[in-house]
Amino acid sequence: MDRTAALIVAAGRGVRAGGALPKQFTMLGGVAVIARAVDAFAGMPVFVVIAEGQQEQLAAALDGRLVAGVVIGGTERQDSVRAGLAAVAGTAERVLIHDAARPLLPRAVIDRLVLALDENEGAVPVLPVADSVSRLSTSLETKAAQQLGEPVDRTGLFRVQTPQAFRLDAIMTSHDQWSGPPATDDAQVARAAGFTVAMVAGDPALDKITHAEDFAYAEALLARNMVSRSAMGFDVHRLELGEELWLAGVLIPHTHGLSGHSDADVALHAVTDALLGTIGDGDIGSHFPPSDPQWRGVSSDRFVIHARDLIIAKGGRIDHVDLTIICEAPKIGPHREAMRTRLGELLRLRPSQISIKATTTERLGFAGRGEGIAAQAIATVTAGTDL
């Protein structure tokens, strides 16, 4: 995966889907279609190809998500892919070319595609054709209404989906050599150039959103496969002179700071553990061992982003975080909104999805004596039932 980049083609106008926005910028389950496509490739560089003039729409749809590059596409899909491949060149050895209109991409499909590239120049996800297939009648007796023609043997027929995976040099060579009419997909171009393209199992969730009714189907699919999960995180750090005090990603002026192996942001540590708990993936220590010197003094932002991306990679969505900071001093109230804003940036949440509270222990215990600060967090995540 560290040598693989994703190229999402989103330069269409999406007129057949109706609506005020092109379909790639339309909301699906509270998240823009293009944003869901980007989230599916968490952990790898993502390049997005859009049409000229769609830059502001893309920024709004991504809602803070960072991508490796934004490319302006061409008149035909193949022109857009060529422009995207030129941007990817030099950053990866393999590329996954994906249509934004297929936003419900299971991680397992990505894994199968990347594995297939070990022995093939290309790989595509496919589903067998299950329905009966017939040609349109060409009989001279055919009237205005379309008539059913001869059946087609569906043995060996497959529906081809995206993403389509390729070794980067192979697919770039294929596009350079193509001289026919605009290709319908990239596998066609690769095969014409003589490269092998393997088939791996696709997924019905990857059906393309083309018409307005496809959104209703995708919404139902999301709802059927999602459940709500909540988990708690708790952390404590000692207050010491000469240390900086970081809470929820915000530097707080104070006489003492928190001591720990990283920047000791007790609030972000509690949030990280809560997030990891929602997907049953251990705790912060199992991902960032305190015995490992590379985490000494590092910003705890990285821990939260890591947990966030793990949830996204598993098809989950963070719905709400409730954080309670327990200390006698400093006062949290003056910094509450800055903390909500920063935590929202890290988790890609609106401030209304984040609650930050503060309490004391009535001068009881270590917190009451001013020896340390504790934090407790609860995270709620909507995730797939097969997580």
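Located above this text is the structure these notes cover.
Computed from a prediction, not measured in an experiment: that's the story for all the values here.

Rules of the game
- Residues numbered from 1 in each chain as written.
- Predicted model: local features only at pLDDT ≥ 70, side-chain atom pairs only at ≥ 80, totals over all residues.
- Heavy atoms only, no water.
- Buried < 20%, exposed > 50% of the residue type's maximum accessible area, 1.4 Å probe, protein only.
- Helix = DSSP H or I, 4+ residues; strand = E, 2+ residues; numbered from the N terminus.
- Pairing = 2+ DSSP bridges.
- Core = buried A, V, L, I, M, F, W, Y, C linked by side-chain atoms within 4.5 Å.
- Contact = heavy atoms within 4.5 Å.
- Axes fitted to C-alpha atoms, helices over the stretch in contact; angles between N-to-C directions.
- Left-handed = near helix turned anticlockwise from the far one by under 90°.
- Nonpolar A, V, L, I, M, F, W, Y, C, P; charged D, E, K, R; others polar.

A.B. asks: Would you explain the pairing of strand E7 (residues 122–128) in this entry?
C.D. replies: The two faces of the sheet receive side chains in turn, since in a regular strand these alternate between them. Within E7, 6 of the 7 residues are buried, leaving the element largely enclosed by the surrounding structure. As paired elements, E7 and strand E12 (residues 197–201) share 5 bridges and run parallel to each other. Its bridge partner being in E12, Ala123 is matched across the sheet by Ala198. Pairing between E7 and strand E10 (residues 158–160): 3 bridges, direction antiparallel. In the sheet register, Leu127 faces E10, and the bridge partner there is Arg159.

A.B. asks: Is there a simple way to think about the nonpolar core in this case?
C.D. replies: General note: in soluble globular proteins, nonpolar side chains tend to be found buried as a group. Leu275, Leu323, Ile325, Met339 and Leu347 are the most contacted members of the largest nonpolar core, which totals 38 residues. Put simply, the parts of the chain that give this core at least two residues each are strand E14 (245–247), strand E15 (250–252), helix H8 (266–278), helix H10 (301–313), strand E17 (317–326), helix H11 (336–347), strand E18 (354–359) and strand E19 (372–384). In terms of residue count, H8 provides more of this core than any other element does, 8 residues in total. Not counting residues up to four positions away in its chain, the partners in contact with Leu347 are Val271, Leu275, Val304, Arg308, Ile318 and Val321.

A.B. asks: Looking at this structure, I do not really get the packing of H8 against H11. What am I missing?
C.D. replies: Packed helices, taken two at a time, are described by the angle their axes make and the gap between the axes. Interhelical geometry of H8 versus H11 gives an angle of 35° and a closest axis separation of 13 Å. Crossing of H8 over H11 shows right-handed handedness. Residues Leu268, Val271 and Leu275 of H8 form the contact with H11, whose participating residues are Leu343, Leu346 and Leu347. Across the contact of H8 with H11, the residue classes tally to 6 nonpolar, no polar and no charged.

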